[in-house]
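# A closer look at the structure
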Amino acid sequence: MTANANNSHNSLLNVLKSTYRTLLFPLISIIVAMFVAVLFVVWGRGVGFFEGTSLLFKAIWNGSFGSKDSLIETFVYVTPLLFTGLANAVAFKTGLFNIGVEGQFTIGVLITAILGLISGLPAIVHIPLIIVGGILAGAIWGGIPGYLKAKVGTNEVVNTIMMNFIAMYLSNYIVMGPLNKPGVASTPEIRPSAMLWRFLGENNRLNTGLFIGLLLIALVYILFWKTTIGYEIRAVGLNPYAAEYGGISIKKNMILAMVISGGIAGLGGAIYVSGIQHNAMELTGFIGYGFDGIAVALLAKSHPVGVLFASILFGALNSSAISLQLVNIPKQIVFLIQAIIIIFVAADYIYKWIGEKRKKEAMING
Amino acid sequence: MKKILALLVSVVLFAGLFAGCAKPNQPGGGATTDNRKQTDKKIGLATDEGGRGDKSFNDAAIAGLDKISKEYTVTPQILESKAADQYEPNLKALTQSNDLVFGVGFKMHDAMDAVAKANPNKKYAIIDSVVEQPNVMSINFKEEEGSFLMGVIAGKMTKTNKIGFIGGVDMELIQKFEAGFIAGVKAVNPAAAEDLINRKNVRYAGNFIDVNKGYELAKQLYNSGVDVIYHAAGGVGIGLFNAAKELKNGGKTVWAIGVDSDQALTVPDKADIILASMMKRVDVATYTASKDLIENNFQGGKVVVLGLKEDGVGISNTINPAVTKDVLDLADKYKKAIVDGTIKVPTKPGDVKAFQAPEIK
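Residues numbered from 1 in each chain as written. Chains lettered and ligands numbered in written order. Predicted model: local features only at pLDDT ≥ 70, side-chain atom pairs only at ≥ 80, totals over all residues. Heavy atoms only, no water.

### Focus on the side chain of A:Glu102
Residues and elements named next belong to chain A. Looking at the element boundaries, Glu 102 is found in helix 4 (residues 101-115). There is a polar contact of 2.8 Å between the side chain of Glu 102 and the backbone nitrogen of Gly 288. Glu 102 has contacts with Asn 164, Phe 286, Ile 287, Gly 288, Tyr 289, Gly 290 and Phe 291, leaving out every residue within four places of it along the chain. (Helix = DSSP H or I, 4+ residues; strand = E, 2+ residues; numbered from the N terminus. Polar contact = N/O pair within 3.5 Å; in protein donor to acceptor, adjacent residues only side chain to side chain. Contact = heavy atoms within 4.5 Å.)

### A word on the packing of aromatic side chains
Taken as a whole and judged by the stated rule, the model has 20 aromatic pairs over all chains. Between the aromatic rings of A:Phe49 and A:Phe50, the centroid separation amounts to 5.6 Å while the plane-to-plane angle is 80°, which identifies the pairing as edge-to-face. Taking the relative accessible area as the measure of exposure, A:Phe49 reaches 22% and is therefore partly exposed. A centroid spacing of 4.7 Å and a plane angle of 35° characterise the contact between B:Phe181 and B:Tyr230, whose relative ring orientation is tilted. Placement of B:Phe181 in helix 6 (residues 172-188) and of B:Tyr230 in strand 8 (residues 228-232) is noted, with a sequence separation of 49 residues between them. The lysine or arginine in question, A:Lys93, covers the ring of A:Phe224, its NZ or CZ lying 5.9 Å from the ring centre. Sitting over the ring of B:Tyr287, B:Lys67 keeps its end group 4.2 Å from the ring centre. (Phe/Tyr/Trp six-rings, centres within 6.5 Å; stacked < 30°, edge-to-face > 60°. Buried < 20%, exposed > 50% of the residue type's maximum accessible area, 1.4 Å probe, protein only. Lys NZ or Arg CZ within 6 Å of the ring centre and 35° of its normal.)

### Topic: the pattern of salt bridges
Here the idea is simple: oppositely charged side chains can pair when their charged atoms come close. Residue and element names in this part refer to chain B. As enumerated under the stated definition, the model contains 19 salt bridges over all chains in all. In this structure, Arg 199 and Glu 178 form a salt bridge, with 2.7 Å as the shortest nitrogen-oxygen distance. Placement of Arg 199 in the loop between helix 7 (190-197) and strand 7 (202-204) and of Glu 178 in helix 6 is noted, with a sequence separation of 21 residues between them. Given the relative accessible area of 0%, Glu 178 is considered buried. Counted as one network, the salt bridges with shared partners bring together Asp 128, Glu 143, Lys 176 and Lys 280. (Salt bridge = Lys/Arg side-chain N within 4 Å of Asp/Glu carboxyl O.)

### Some remarks on helix 6 (residues 156-176) of chain A
Each α-helix winds once per 3.6 residues, and so residues spaced three or four apart point in a common direction. All names here are of chain A. Here helix 6 is 21 residues long and its end C-alpha atoms lie 30 Å apart, about the 30 Å a rise of 1.5 Å per residue gives. Within the sequence span of helix 6, burial applies to Glu 156, Asn 159, Thr 160, Met 163, Asn 164, Ala 167, Met 168, Ser 171, Asn 172, Ile 174, Val 175 and Met 176. Close packing links the buried residues of helix 6 with helix 4, helix 5 (123-151), helix 10 (250-277) and helix 11 (289-299). N-capping of helix 6 is provided by Asn 155, with a side-chain oxygen placed 2.8 Å from the backbone N of Val 157. (Expected span 1.5 Å × (residues − 1).)

### Thoughts on the domain arrangement of chain B
Note on interface size: it is often stated as the accessible area lost on association of the parts. Residues and elements named next belong to chain B. When the domains of chain B are assigned, the result is domain 1 (43-141 + 284-295 + 298-306) and domain 2 (143-279 + 324-351). Facing 6 residues of domain 1, the contacting portion of domain 2 comprises 7 residues. For the pair domain 1 and domain 2, the summed buried surface comes to about 640 Å²; carbon and sulfur atoms form 54% of the total. There are 0 salt bridges connecting domain 1 and domain 2. If you look at where domain 1 meets domain 2, you find 2 residue pairs in polar contact (both at pLDDT 80 or more). A breakdown of the residues in the side of domain 1 that touches domain 2 according to their chemical character gives 3 nonpolar, 1 polar and 2 charged. (Domains from an automatic or database assignment. Buried area = accessible area lost by both parts, 1.4 Å probe. Nonpolar A, V, L, I, M, F, W, Y, C, P; charged D, E, K, R; others polar.)

### As for the interface of chain B and chain A
Contacts between the two partners involve 42 residues from chain B and, on the opposite side, 40 residues from chain A. In this structure, the connection of chain B to chain A is made through 2 salt bridges. Ionic pairing is found between A:Lys331 and B:Glu80, a salt bridge with its closest N-O pair at 4.0 Å. If you look at where chain B meets chain A, you find 7 residue pairs in polar contact (both at pLDDT 80 or more). For the side of chain B that touches chain A, the element with the highest residue contribution is helix 3 (residues 87-97) of chain B, accounting for 8 residues.

Below, the structure written as C-alpha cells:
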C-alpha cells in the first residue's frame with residue numbers, strides 16, 4: 001500500500017517536473033519578449049517605464065481579449081494558425097523542417113477558391129468537397145518534397161521553399177488570369193453553399209472552422225500517441241537509425257509525415273477561404289500563416305495541445321495590431337515580440353544540442 | 001537557474017538606464033495657441049499592404065489628412081494592413097470611433113462593401129474603386145489624362161524613336177495608364193508609338209513590389225534600343241530607376257518617367273534620370289472629402305472622377321532640365337485640349353489604334 005502510494009506520488013512529481021521543464025523556456029521567452037517590447041515603447045514614445053508598460057499591455061489587452069469584437073477577431077486569427085501550427089508540428093516530430101507549410105496553405109486557398117465557385121451543389125456536398133480538395137492539394141504539395149527527400153535525398157528545406165514560390169505565383173496567375181473578377185485583384189466570392197457557418201452572425205468572421213481546428217488537435221494527439229503510424233513517426237524523429245534498426249522504414253515515414261503535414265496545411269487554407277476570406281486574393285507576398293505556424297510549433301515544442309496555446313498567443317498579438325496603432329505604437333512591435341520569442345525558443349534547442357554533443361564527446365573521450 | 005536570474009537582473013538594470021533617460025512627456029497643444037477651426041468630426045484611414053512610407057500612394061493619402069489636421073481640430077486615426085485579411089477588421093475598428101473612414105486602394109473594395117453595408121449611418125470613401133453603397137463616396141482618377149501628357153513628353157524626348165512602358169499588374173486600372181501614355185506618344189510621334197500599340201515594348205511585372213523584376217524588364221527594354229520608359233508599377237519602378245541610373249553612369253542617355261507622386265523628390269538620388277512624373281493627387285482627394293465631411297457637404301453614393309480639369313492628375317512640379325520649354329509648352333497645349341474636351345483620351349490599350357489626336361503645334 002505505502003509503496004504504491006509512494007510510487008504514484010513520485011510519478012505525479014515527475015510529470016509536474018517535466019511539464020515545468022517543458023514550459024520554462026517558452027514562458028521565459030514570452031516574458032523577456034514583452035519586456036523588450038516595453039523598452040522599445042519607452043524609447044519610442046519618450047514615456048516613463050511604468051507608463052510605457054501600461055500603455056503597451058492595455059493596448060494588447062484591449063486589442064485581443066478586452067472587448068467582444070477583439071476577442072472574436074483574435075480567434076479569427078487563431079483558426080488558421082491552429083492548422084499551420086499542427087502541420088509544422090507533425091513535420092518537426094519526424095525530424096523534418098517543412099518550410100513549405102506556407103505554400104501548402106496557399107495551394108489549399110487556391111483550390112478552395114476554385115472549387116467554391118461550382119454552382120448548384122448543396123452545402124452538405126460542397127463543404128466536404130472543398131475540405132477534401134484542400135487536403136489533397138496540400139498533401140500533394142507537401143508530398144513532392146517528401147518523396148524527393150526520401151528517394152533522391154534532396155534537402156526538404158530547399159525544395160519546400162521553392163514549392164512556396166511555385167504556389168504563390170501559380171495562385172497569382174490564376175487569380176489575375178483565368179479566374180479574375182474584373183477590376184479587383186481577387187477571384188469572385190465563393191458560393192454561399194461553400195461557406196462555413198459564421199455562428200456569431202454575418203458581420204463577425206468567426207466560423208465553425210475554429211471547431212474543426214480544435215478537433216484536429218485531438219486527432220493529431222491521437223495520431224502521435226495512440227497509433228502505430230504516430231509511434232513510427234516519432235521514432236524516426238528521435239533517432240532514424242535506431243528506428244530503422246527496429247524495422248521502421250525511414251523513407252516511408254518521411255513521405256507520410258510530409259503528406260500529413262501538407263494535408264493539414266492545405267485543410268487550413270480551405271478553412272481560411274470558406275470561413276474567413278471567401279475568395280483568393282492576389283498575393284504581393286506570402287500570406288504568412290505558414291511561417292507564423294513555424295513559430296507556433298516551435299513555441300509549442302511540437303505538442304498538439306501546446307499548439308493551441310501558442311496559436312492563441314500569436315492570434316492575440318496579430319489581433320492587437322489595430323489597438324496598438326490606435327495609441328500610436330507601430331504594429332511592427334508585434335513582429336518584434338514574435339521574433340524575440342522565436343530567438344529564445346531556438347536558443348533553447350541550440351543549448352540542448354550543444355549539451356548533447358558534449359555528453360557524446362565525454363562518452364567517447366572518457 | 002542562477003544564470004537566468006543573473007540575466008534577468010542585468011536586463012532590469014539595463015531597463016533602468018532607459019527609464020532614466022526617458023524624455024518628459026511633452027504637453028500637447030495646451031501651451032501654444034491653437035488657431036485651427038473647431039470641429040467634432042473624426043476621421044480614420046486604412047492603408048493597403050504598402051502602408052506608411054511607400055513614398056507613393058498611401059503616403060499621398062495620409063498627406064491629405066495631415067493637411068486637414070492643420071486646418072481643423074481633427075486627429076486622424078491611421079491603420080496599416082499587414083495582409084489582405086486585415087482590411088475588414090481595420091475598417092471595422094476605425095468605424096467604431098470615426099465619422100468618415102477612408103479605404104486606400106482598389107483591393108479594399110470587398111471589405112469596404114461589407115463594412116459600409118453593416119454601418120449605414122457612418123460615412124466612407126474609397127480610392128481607385130467604385131463601391132455601390134449609399135454611404136460610400138468612390139474617388140477615382142483619370143490616370144489616362146495625366147499619362148497622355150507623359151506620352152507627349154516621351155514622344156518628344158526620344159532620340160531612338162523607341163519608347164517603353166512598364167506596368168504593375170495587367171488589369172483595367174493600370175491599362176488606363178498604358179492607354180493614355182501610348183495615345184500621348186502617338187499624338188506627337190506616331191512612329192515611336194507603333195511598338196507600344198502592338199505591345200512589343202510594353203511589359204508587366206505581375207506585381208507592384210518586385211524591384212528586381214523592374215530592373216530586369218527595364219534592362220531588356222533599354223538594351224533593345226528604348227531610351228524613355230514610363231512606369232505605373234509602384235515599387236517595381238524603383239528597379240526601373242536603378243537600371244536607368246546604371247546605364248547613365250555607363251555613358252548612355254536614357255530616361256525614366258515617374259508616377260503617382262513627384263518621384264524626383266521622393267527618390268532624390270535618381271532625380272537626374274527622371275524626366276518628370278505623372279502626379280496622381282490622392283492627397284487632394286482625401287483632403288477634399290474630409291473637408292466636405294467637416295462642412296457637412298459629404299455626398300455618399302457619389303462617384304467622383306478627378307482628371308486634369310479638377311487637378312486630380314497632372315505633371316509634377318519637378319521637371320528635368322533636359323526637357324525643353326517648347327516640349328512643356330506643347331504638353332500644356334494638349335492639357336488645354338483635354339480640359340476643354342477637344343481630345344478624349346482612350347482608357348483601353350485596344351482603343352489607341354483607332355485614336356486620332358488633332359494636330360497641335
